Amino acid sequence: MNSKMLAPNMNEYQESLLEKHIQDISFGDKDALANLYKLTKTSVYGFALSILKNLHEAEDVLQEVYIKIYENASFYQANGKPLAWILTITKNLALMKLRKNRNHMNVDELSEFLADHKNINETENQILISTVFEHISDEERNILILHSMSGFKHREIAKMLEIPLATVLSKYNRAIKKIKKRMGEENI
């Protein structure tokens, strides 16, 4: 599997830049950490939010991720998949936090998050706000957010979430059908 499959929104230059930042962080370069943060914070935050469903908890995980990166950069094996490594750290920290605290984000918090992220258009805002938490399962929500916000392919999501590709595809398609059905009902 090549690195483009794990970070489809990133070109080879961006991937190598992330790897360079991680390498520099392993030598204690705090500027490299700040640069890595700027390049990856939206994906990290969006993924943490998809798991935790709470803005404040996701912000906590966002900060914890970069602390972990700073502490563990020397253990990173450069393999062309730096964002996948970062999101694995994110997933692990978010799941640990979720086990400790099962709070859920409400629709108002989602609206606030979406307003801060201009790369999501109005139609996507409406779909996410009206259906994500009410009409699809947690796993379906995670798959949708990983695919739509972070640009991961279904195969990559399957590997990241450690579930079969067929399950990812069926849950994605089921979630889309639920969303379309719900949006159709609202337009009647």
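Quantities reported herein were computed from a predicted structural model and do not represent experimental measurements. (Residues numbered from 1 in each chain as written. Predicted model: local features only at pLDDT ≥ 70, side-chain atom pairs only at ≥ 80, totals over all residues. Heavy atoms only, no water.)

J.: Can you help me understand the overall build of the chain in this one?
T.: Broken down by element type, the chain carries 10 helices and 0 strands. Listing each helix as α and each strand as β along the chain from the N terminus yields α-α-α-α-α-α-α-α-α-α. As presented, the chain carries roughly 10,200 Å² of accessible surface, and 50% of it is formed by carbon and sulfur atoms. (Helix = DSSP H or I, 4+ residues; strand = E, 2+ residues; numbered from the N terminus. Areas by Shrake-Rupley, 256 points an atom, 1.4 Å probe, with all protein chains shown as cover.)

J.: So what exactly am I meant to see when it comes to helix α4 (residues 55-72) here?
T.: Given 3.6 residues per turn, any residue in an α-helix points the same way as the ones three and four places further on. Along its 18 residues, α4 runs 25 Å from first to last C-alpha, staying within 8% of the 26 Å computed at 1.5 Å per residue. Every buried residue belonging to α4 is among Leu55, Glu57, Ala58, Val61, Leu62, Val65, Tyr66 and Ile69, and all of these are buried. Put simply, Asn54 is the residue that caps the front of α4, since its side-chain oxygen is 2.9 Å from the backbone nitrogen of His56. (Expected span 1.5 Å × (residues − 1). Buried < 20%, exposed > 50% of the residue type's maximum accessible area, 1.4 Å probe, protein only. Polar contact = N/O pair within 3.5 Å; in protein donor to acceptor, adjacent residues only side chain to side chain.)

J.: Sorry if this is basic, but what is going on with the packing of helix α2 (residues 12-26) against helix α3 (residues 30-52) here?
T.: Each pair of packed helices can be described by the angle between their axes along with the distance between the axes. Between α2 and α3, whose axes approach to 8 Å, the crossing angle comes to 145°. In the crossing of α2 with α3, the sense of the turn from one axis to the other is left-handed. Counted together, Leu17, Leu18, His21, Ile22, Asp24 and Ile25 of α2 and Ala32, Leu33, Asn35, Leu36, Leu39 and Thr40 of α3 form the full contact between these two elements. Taken together, the residues of the contact of α2 with α3 break down into 8 nonpolar, 3 polar and 1 charged. (Axes fitted to C-alpha atoms, helices over the stretch in contact; angles between N-to-C directions. Left-handed = near helix turned anticlockwise from the far one by under 90°. Contact = heavy atoms within 4.5 Å. Nonpolar A, V, L, I, M, F, W, Y, C, P; charged D, E, K, R; others polar.)

J.: Is there a simple way to think about the nonpolar core in this case?
T.: Among soluble globular proteins, nonpolar side chains are generally buried collectively. Of all hydrophobic cores here, the largest spans 43 residues; its most connected members are Leu36, Val65, Tyr66 and Ile69. Residue assignment for this core shows that the elements contributing at least two residues are α2, α3, α4, α5 (82-100), α8 (138-148), α9 (154-161) and α10 (165-186). Aside from chain neighbours lying at most four places away, what touches Tyr66 is Leu33, Leu36, Tyr37, Thr40, Lys41 and Val44. (Core = buried A, V, L, I, M, F, W, Y, C linked by side-chain atoms within 4.5 Å.)

J.: Where do I start with the packing of α3 against α5 in this structure?
T.: Two elements in contact, α3 and α5, have axes separated by 9 Å at closest approach and are oriented at 40°. What the angle tells us is that α3 and α5 run oblique. Handedness of the crossing formed by α3 with α5: right-handed. Packed against α3, whose contacting residues are Leu36, Thr40, Ser43, Val44, Phe47, Ala48, Ile51 and Leu52, the element α5 presents Leu83, Ile86, Leu87, Thr90, Lys91, Ala94, Leu95, Lys97 and Leu98 at the interface. (Parallel < 35°, antiparallel > 145°, perpendicular 65-115°, else oblique.)

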